[in-house]
Structure formats: structure tokens, C-alpha cells
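Residue-level listing of the chains:
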Amino acid sequence: MSDFRDKFRPDLRRLERRHLIRGGLSLGALTLLAGCDLSSDDSLIDRALWAMLRFNDRVQAALFNPNRLAQTYTSADITHPFRFNAYYPLEKVRPVPDDWQLEVTGLVNDKSPWTLQRLQTLPQESQITRHICVEGWSQIGEWSGVPLRHFLYAVGADLRAKYVSFDCFDDYSSSIDMASALHPQTILALDFEEQPLTPPWGAPVRLRIPTKLGFKNPKNIAAITVTNEYPGGYWEDQGYNWFSGS
Ligand SMILES: Nc1nc2c(c(=O)[nH]1)N[C@H]1C(S)=C(S)[C@@H](COP(=O)(O)O)O[C@H]1N2
Ligand SMILES: [Mo]
């Protein structure tokens, strides 16, 4: 458990020179890596650091085993009460907009929006898995919904595209690699413990991806985009490791 956390702890959350030096990387080493003189230019150092983080993401993506399943649990293991977490407190949770529909954009054949009813016509799956937050806590929950791969097939997504990204109506966002998007346990969850999701826990639809850390499980999804352009995300853009998975 703590190994998992340490592995993905975002120690480059703020890409500043002092972090770098504390982390044991000299400016000289960076200069070599970047092939230019960085010592006088903070924005170059910043760019070199981001390039290293993106390199790290590619290595992790290459190590990803699409057939390895996250551990599953039984109903008796489900955590009660189930904790709420977001970048804002519970009182600030936004209700689902009256005209909510799930938008689909990018490299897909069919961009027509989806209602909940339409999502319910696709194949459904349930899972009892552990959700692990980078802050150092975890809890076991039961989610059901549409495996994301079935949704991607239904919209005619280009499955060779690199990324699937998620925009949420609480102004959160996140994105994942295509291999993880096609993983059998990656689902667009509609229900929690067999009841429709409530707004704090992601209504009307959230991503449930047990092979990645909690922040890669966007709630309150408004739009899904298939793209080859690196989309980043709310925490990813602040230096959290983008891949953050196993
Ligand atoms: N829309 C949205 N999704 C989000 C977040 C958020 O702030 N907004 N926080 C993420 C983080 S850091 C965690 S740990 C989980 C928490 O999910 P939970 O409230 O179901 O425990 O949601 C993730 N998805
Ligand atoms: Mo989290």
C-alpha cells in the first residue's frame, strides 16, 4: 500500500529549481539532458522538467499490462461511510445541470450526445474495488456501469488514438491513455452500491478505473474526448504524475 503511494507521490508538484536540487539533479545534468544551457533560464528548466515527466509517463505506459486485473473484493469489504473527496468541500458540490447530456468529441464517428437512458442500453459491469487517493487513504466501493471500451466502440472511436480525456461540470478534468481506457475494469460508472450515483460521488456518470489513483477517476463527467494531443488534467497540470497507474 504505502509502496504504491510512494511510487506515485507527486514530488514535482511545483516545478521549481529548489525542488530539483533537493531531488539530487544538478543543473549541469539537466543541461546535458536538454542539450542547451539552462542555468540562466527558469522557463527552460521548467520545460526540461516537464519533458522528463512526460518521458516517465511513456515508460509507465509501456510497462502497463492490459490483461492484469486490479484486486476485487466482496460486499462485506465495502467501506461505510464512503468518503467524499474533491478539490472543494462538500458544501460546494454542484447539482447535475437540468439539461445534462454526455458530450462526445474528437476522434469518433458519432458525436451525438448521450442521455443516461441511452448509456443504460450498453453492456453493464459491476466491480468491488479499492479506490486509492494520493493523499494517503483508500476505501473499497462497488460501482456499476458501462465498460468504457464498449462506449468507445459504440461511438466509433479511433482506438489507435493516444488519449481519452474527461471534462467535468465542476471544472475538473483528467485524461488517460488508450490502453487503460480499453482495460476491462475501466467503467463509466452510473451506480454506487446498486443505486444511481449522487452528485458528491459523481452523478450522473463518473469514471471508475481501479488500475489508477483516485484523481484519475473523474466524477460529474460532462464530455469525453478522444485525441492524440496530450490533454493533461486538473491535478496533472500541477505536476501530479499523469500515468499514475499500474
Ligand atoms: N469532478 C471531480 N472528480 C474528481 C475530483 C474532483 O475534485 N472533481 N477529485 C478526484 C479525487 S482526488 C479523488 S480521491 C476522487 C474521490 O472520489 P470519491 O468522492 O468518490 O471518494 O475523485 C476524483 N475525481
Ligand atoms: Mo484523490
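In the block above lies the structure referred to throughout.
Read on for a plain summary of the structure. All values derive from a computational prediction rather than experimental measurement. Here the residue index of a chain counts from 1 through its sequence in written order. Chains carry letters from A onward and ligands carry numbers from 1 onward, assigned in written order. Restriction of local features to residues with pLDDT of at least 70 applies here, the model being predicted, together with a cutoff of 80 or more for giving and counting side-chain atom pairs; totals for whole chains, interfaces and linings are based on all residues. The side-chain values count all of the structure's non-hydrogen atoms but skip hydrogen atoms and water molecules.

**Some thoughts on the overall build of the chain**
Next, step 1: The secondary structure content of the chain amounts to seven helices and nine strands.
Next, step 2: Using a 1.4 Å probe on the protein chains alone, a residue whose accessible area is under 20% of its type maximum counts as buried, one over 50% counts as exposed, and one in between counts as partly exposed. Going through the 246 residues of the chain one by one, you find that 47% of them count as buried.
Next, step 3: Whether two residues are in contact is decided by their heavy atoms, any of which lying within 4.5 Å being enough. In the chain, the share of contacts with a sequence separation of at least 24, taken over all contacts with a separation of at least 6, comes to 69%.
Next, step 4: Here the accessible surface of atoms and residues is derived via Shrake-Rupley with a 1.4 Å probe, and residues count as covered only by protein chains that are part of the display. When the accessible surface of the chain is split by element, carbon and sulfur atoms take 52% of a total near 12200 Å². Numbering of helices and strands runs from the N terminus, with a helix taken as a DSSP run of H or I at least four residues long and a strand as a DSSP run of E at least two residues long.

**Focus on the site of ligand 1**
Next, step 1: Residues are classed as near a molecule or strand on a simple rule: at least one heavy atom within 4 Å of it. Around ligand 1, the structure places 21 residues, and the nearest of them are Arg83, Asn85, Asp170, Arg206 and Lys219.
Next, step 2: Polar contacts here mean pairs of N or O atoms no more than 3.5 Å apart (in protein, one a potential hydrogen donor and the other a potential acceptor; neighbouring residues in sequence count only if both atoms are side-chain atoms). Arg83 has a polar backbone atom sitting 2.8 Å from an oxygen atom of ligand 1.
Next, step 3: Alone, ligand 1 offers 540 Å² of accessible surface; in the complex the protein occludes 98% of this.
Next, step 4: When residues of the shell around ligand 1 are traced back to their parent elements, those giving at least two are strand S2 (125-133) and strand S3 (137-147).
Next, step 5: Under the scheme applied here, ten amino acids are nonpolar (Ala, Val, Leu, Ile, Met, Phe, Trp, Tyr, Cys and Pro), four are charged (Asp, Glu, Lys and Arg), and all others, including Gly, are polar. Counted by class, the shell around ligand 1 contains eleven nonpolar, six polar and four charged residues.

**A few points about the side chain of Ser173**
Next, step 1: Position of Ser173 among the secondary structure elements: in strand S5 (residues 173-177).
Next, step 2: A residue is classified by how much of its surface remains accessible, and Ser173, at 19% relative accessible area, is buried.
Next, step 3: Leaving out residues up to four positions away in the same chain, Ser173 has contacts with Phe166, Asp167, Gly233, Tyr234 and Glu236.

**What to know about the sheet that holds S5**
Strands pair in a sheet through their backbones, by hydrogen bonds, and they do so in one of two ways: parallel or antiparallel.
Next, step 1: The criterion for strand pairing is that DSSP finds at least two bridges linking the strands in question. Pairing within the open sheet is mixed, and its four strands lie in the order S1-S9-S4-S5. In this open sheet, the two edge strands, each paired with only one partner strand, are strand S1 (103-106) and S5. Each adjacent strand pair in this sheet contributes to an overall mean axis angle of 20 degrees, direction not counted.
Next, step 2: Summarising the sheet, strand S4 (residues 163-168) and S5 pair through five bridges and their orientation is antiparallel. In the strand pairing of S5, Tyr163 is matched with Asp177. For every element, the axis is a line fit to its C-alpha atoms; helices are fit only across the contacting stretch, and the angle between N-to-C directions ranges from 0 to 180 degrees.

**Considerations on the environment of Tyr240**
Next, step 1: Note on placement: Tyr240 falls in the segment after strand S9 (221-227).
Next, step 2: Considered as a pair, Tyr240 and Phe215 are 25 residues apart in the sequence and their alpha carbons are 9.2 Å apart.

**Focus on the pairing of strand S6 (residues 187-192)**
Next, step 1: In terms of residue burial, S6 counts as a mostly covered element, since five of its six residues are buried.
Next, step 2: Bridge analysis of S3 against S6 gives five bridges, and the strand direction is antiparallel. Bridge pairing in S6 links Ser144 to Asp191.
Next, step 3: Alignment of S6 against strand S8 (residues 206-208), held across three bridges, turns out to be antiparallel. Note that in S8 the partner of Ile187 across the bridge is Arg208.
Next, step 4: Of the strand pairs in this sheet, S6 and strand S7 (residues 195-196) are connected by two bridges, and their pairing is antiparallel. Within S7, the position partnered with Phe192 by the bridge is Gln195.
Next, step 5: Connecting S6 to the antiparallel partner S7 that follows it, the hairpin turn spans two residues, and Glu193 within it adopts a positive phi of roughly 50 degrees.

**Remarks on the packing of aromatic side chains**
Next, step 1: Classification of ring pairs rests on two measures: the distance between centres of Phe, Tyr or Trp rings, Trp counted by its six-membered ring, which must be within 6.5 Å, and the angle between planes, read as stacked under 30 degrees, edge-to-face over 60 and tilted in between. This model, assessed by the stated rule, comprises 18 aromatic pairs.
Next, step 2: With a centroid separation of 5.5 Å and an interplanar angle of 70 degrees, the aromatic rings of Trp143 and Phe192 are classed as edge-to-face. A residue pair is termed long-range when its members are at least 10 positions apart, and Trp143 in strand S3 and Phe192 in strand S6 qualify at 49 residues. Here Trp143 matches Phe192 in class, with each residue buried.
Next, step 3: Where Tyr234 meets Trp235, the ring centres are 5.0 Å apart and the plane angle is 90 degrees; that geometry is what we call edge-to-face.
Next, step 4: The class of Tyr234 is partly exposed, set by a relative accessible area of 25%.
Next, step 5: Clustering of aromatic rings is evident, with ring pairs tying together Phe84, Tyr87, Tyr88, Tyr172, Trp201, Phe215, Tyr234, Trp235 and Tyr240.
Next, step 6: Both a distance and an angle decide whether a charge sits over a ring: NZ of Lys or CZ of Arg must be within 6 Å of the ring centre and within 35 degrees of the ring normal. Between Arg118 and the ring centre of Trp114, over which it is positioned, the NZ or CZ distance is 3.7 Å.
Next, step 7: In this structure, Lys212 is placed above the aromatic ring of Phe243, and the distance from its NZ or CZ to the ring centre is 3.4 Å.

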